[in-house]
Amino acid sequence: MNRRNYQKELEKIIAGHQERNEVPRLLLHSCCAPCSSYCLEYLSQYFWITVLYYNPNIYPPEEVRLRADEQERLIAAMPAKYTITYVEGSYQPEQFYEAVKGHEHDPEGKERCFLCYRLRLAKAAREAKKGGFDYFTTTLSISPLKNAAKLNEIGEELGKICGVSYLPSDFKKKDGYRRSVELSKEYGLYRQNYCGCVYSAHQSEKTL
């Protein structure tokens, strides 16, 4: 089976726009400021970016506010060639619990997580279509614990359904994850020790 190199696909798309002197608009779904840090540093050289913070999976509610505030603080502090704007989706955790119903006991990184990917990417796809963006994508692939192939598969499927292009990506490539750790330290970002949902929080507690 041929394994796609999403980073090379992204670089090819960027090169094409540069050759045409185009700066496309990108809706970037973000799970948190640390994960977005490298993505923004890299992508803001080539795209007008709107960051969408939409994460109904996050638990507890005060964690949602903490992460959202850190996201806004990072955007305000980080230099960018092209302006980065911010949009915050409503926090409706019942959407997450409904989406993963029956998968509460799945191991971390399996089907429950894939359903969570789909929930958040579907929102991003709809918002990208509504806002007339050229592309949408997510910061999630920067994590070594996230399945980049699954994220791209779901994103491309939803893009076709909604009529907007999904930007292929695997941001952990080219030392992206390491750079995100460096940027987190540089900006003094709050860096959580679990993915976000109550199930990942409980799993994290068991491994501490």
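Predicted, not measured: the structure shown is a model, and the values here were computed from it.

Enquirer: I'd like a description of the pattern of salt bridges, backed by residues and values.
Expert: For the coordinates displayed, the defined rule picks out 18 salt bridges. With a shortest N-O distance of 3.4 Å, E127 and K123 are connected by a salt bridge. Linking E127 with K123, this pair stays in helix α5 (residues 111–131), spanning four residues, or about one helical turn. Like E127, the residue K123 is buried in the burial classification. Salt bridges linked by common partners bring E41, D175, R178, R179 and E182 together as one network.

Enquirer: Please provide a residue-by-residue account of unusual backbone geometry, values included.
Expert: With an omega dihedral of -5 degrees, the bond running from Y59 to P60 counts as a cis peptide bond. In the Ramachandran plot, N21 falls in the positive-phi region, its phi being about 55 degrees despite a non-glycine side chain. A positive phi angle is found at D175, which is not glycine, with a value near 60 degrees. Examined against the element boundaries, D175 turns out to sit in the loop between β5 (165–166) and α7 (176–187).

Cut-offs and rules
Residues numbered from 1 in each chain as written. Predicted model: local features only at pLDDT ≥ 70, side-chain atom pairs only at ≥ 80, totals over all residues. Heavy atoms only, no water. Salt bridge = Lys/Arg side-chain N within 4 Å of Asp/Glu carboxyl O. Helix = DSSP H or I, 4+ residues; strand = E, 2+ residues; numbered from the N terminus. Buried < 20%, exposed > 50% of the residue type's maximum accessible area, 1.4 Å probe, protein only.

Treat this as a map of the structure, not an account of what it does.
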